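Structural overview for review
So the chains spell out like this:
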There are 2 protein chains.
Amino acid sequence: MGSDVVEPGTVRPGGRTARVRASVLQATGDAIAEHGLIGLDLADVAARAEVGKTTVYRRWSSTYGLIADLIASMAEDSSPRTDTGSLEGDLKANARLVATTLADPRQGPVFKAVIAAATCDDRTAEALRRFYDVRIAEWAPCVTQAVARGDLPAGTDAREVIAAVSAPLYYRLLASGAPLDEAAADRAAEAAIVAARAGVYARGR
Amino acid sequence: MGSDVVEPGTVRPGGRTARVRASVLQATGDAIAEHGLIGLDLADVAARAEVGKTTVYRRWSSTYGLIADLIASMAEDSSPRTDTGSLEGDLKANARLVATTLADPRQGPVFKAVIAAATCDDRTAEALRRFYDVRIAEWAPCVTQAVARGDLPAGTDAREVIAAVSAPLYYRLLASGAPLDEAAADRAAEAAIVAARAGVYARGR
């Protein structure tokens, strides 16, 4: 692979390379929302993005390359956390954001495709783990602030609490097919809070 | 499709059809453990199972057909729950069983492949939901018994509690890549118990 290979963080925003990448990743998301992972095809993505096929093959080389870069770009564009001032408010906002994202007719299929691709491709799995690292790091302060306020036990593992909020919602998306509604989101947040207060996520237990 | 199509529950155990199915599904699991979902190929499965290619194509028709039938057979052969007499004992046994299964070098890749295939194929998604229905129904009595003993609030949704035990472990398998060890299993069980005792999974809240 040559110097055209896109590495996350190396593309100057607003430059031609960045514009091509934005178009191609937008087209990748569109294609997945329409046809799912199985229908994803580099030539179709190139046509949708109005970018030369050769460019897409050279820079992304495979559907996995596209998907790994799509989730990398989602990590880069990751939105800031909500700060409501209370642990319950913060974690419910987080849970509702996750549920809304996974239930979204465009984002839901994208997450399913990324997770499915990650089971088959190490580079996609690594990009997915980085995405969750970014999201968890973004939301972890609401837990560390709650510890500082005395609302959670000292030593509570902030990352474990944030992951505990998301886990039941991903289980609904991927396993049970149960609805991703506000009730499910609130329940996920409440369960994580109750368990965190009881010290389940405190380190060194 | 003709009368050779295998419908779960319709195959006489010990008959030739059942033996062929057992060999083909064993070979499907072997192939997935070796190469993952992407490497799954009907001709390869037929060769491994020492069954004619035509038989495999006619009965299962696609890799999705194989995967959906594999998870259906896992639901049929589903092992009985552990009954320790205490909610904590029962749910920790369940959590450790889930963690051990997902961490297993053969079973882990099979679950990843089934979940990935379910994101692309409705029949596989339906077979996967049935598998979880069977597993959750098998373990739900440990929750209803705890309600009867007064160890959990009346109206606790047993299926939600069992799903809450599994969810963080599936999140580790599919999203975070965090280890599926005994500590993770025990933490998943403890969090579900604390939340259930607090009434988070009680209906009509």
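Residues numbered from 1 in each chain as written. Chains lettered and ligands numbered in written order. Predicted model: local features only at pLDDT ≥ 70, side-chain atom pairs only at ≥ 80, totals over all residues. Heavy atoms only, no water.

**Here's the deal with the overall build of chain A**
Along chain A, the regular secondary structure elements total nine helices and zero strands. Secondary structure elements in chain A, listed N-terminal to C-terminal, are α-α-α-α-α-α-α-α-α. Within chain A, the fraction of its 205 residues that count as buried is 52%. Sequence separation of 24 or more characterises 68% of the internal contacts of chain A that already satisfy a separation of 6 or more. Summed over all atoms, the accessible surface of chain A reaches about 8900 Å², with 50% contributed by carbon and sulfur. Looking at charge distribution, chain A has the averaged site of its 24 positive side-chain charges lying 2 Å from that of its 26 negative ones. (Helix = DSSP H or I, 4+ residues; strand = E, 2+ residues; numbered from the N terminus. Buried < 20%, exposed > 50% of the residue type's maximum accessible area, 1.4 Å probe, protein only. Contact = heavy atoms within 4.5 Å. Areas by Shrake-Rupley, 256 points an atom, 1.4 Å probe, with all protein chains shown as cover. Lys, Arg positive; Asp, Glu negative; His and termini not counted. Charge placed at Lys NZ, Arg CZ, Asp CG, Glu CD.)

**Description of unusual backbone geometry**
Residues and elements named next belong to chain A. In this structure, E50 is a non-glycine residue whose phi angle is positive, near 55°. Structurally, E50 is set in the loop between helix 2 (42–49) and helix 3 (53–60). Here E50 falls in the exposed class, since its relative accessible area comes to 75%. Non-glycine residue S61 carries a positive phi angle of around 60°.

**Brief notes about the interface of chain A and chain B**
With 34 residues of chain A in contact, the opposing surface of chain B contributes 34 residues. Summed over both sides, the interface between chain A and chain B buries roughly 2900 Å², with carbon and sulfur atoms accounting for 66% of that surface. Applying the counting criterion to the chain A and chain B interface returns four salt bridges. Linking E160 of chain A and R172 of chain B is a salt bridge whose minimum nitrogen-to-oxygen distance equals 2.8 Å. For the pair chain A and chain B, the number of links is six residue pairs in polar contact (both at pLDDT 80 or more). Counting only elements with at least two residues in the side of chain A that touches chain B, the list comes to helix 6 (107–120), helix 7 (122–148), helix 8 (158–176) and helix 9 (182–197) of chain A. Per-element tally for the side of chain A that touches chain B: the top contributor is helix 8 of chain A, with eleven residues. The residue inventory of the side of chain A that touches chain B, partitioned by class, reads 23 nonpolar, four polar and seven charged. (Buried area = accessible area lost by both parts, 1.4 Å probe. Salt bridge = Lys/Arg side-chain N within 4 Å of Asp/Glu carboxyl O. Polar contact = N/O pair within 3.5 Å; in protein donor to acceptor, adjacent residues only side chain to side chain. Nonpolar A, V, L, I, M, F, W, Y, C, P; charged D, E, K, R; others polar.)

**Focus: the pattern of salt bridges**
Residues and elements named next belong to chain A. Tallied over the full model, the rule gives 36 salt bridges over all chains. Across the pair R106 and D30 runs a salt bridge whose closest N-O atoms are separated by 2.2 Å. One end of the pair, R106, is in the loop between helix 5 (87–103) and helix 6; the other, D30, is in helix 1 (residues 16–35), with 76 residues separating them in the sequence. Accessibility expressed as a relative area gives 28% for R106, which makes it partly exposed. You can call D30 partly exposed: its relative accessible area is 26%. Residues R197 and D151 are paired through a salt bridge, measuring 3.1 Å at the closest nitrogen-oxygen approach. On the criterion of sequence distance, the pair formed by R197 in helix 9 and D151 in the loop between helix 7 and helix 8 is long-range, its members being 46 residues apart. Residue classification places D151 among the partly exposed positions, given a relative accessible area of 26%.

**Comments concerning the domain arrangement of chain A**
Residues and elements named next belong to chain A. Annotation of chain A at the domain level lists domain 1 (15–74) and domain 2 (80–197). Once you take the C-alpha centre of each, domain 1 and domain 2 turn out to be 27 Å apart. Across the boundary between the two partners, domain 1 contributes 13 residues, which contact 17 residues of domain 2. Together, the buried faces of domain 1 and domain 2 total about 1300 Å²; carbon and sulfur atoms form 74% of this surface. It is Y64, I71 and M74 in domain 1 that bury the most area against domain 2; as a group they hold 42% of the surface buried on that side. At the junction of domain 1 with domain 2, the criterion picks out one salt bridge. (Domains from an automatic or database assignment.)

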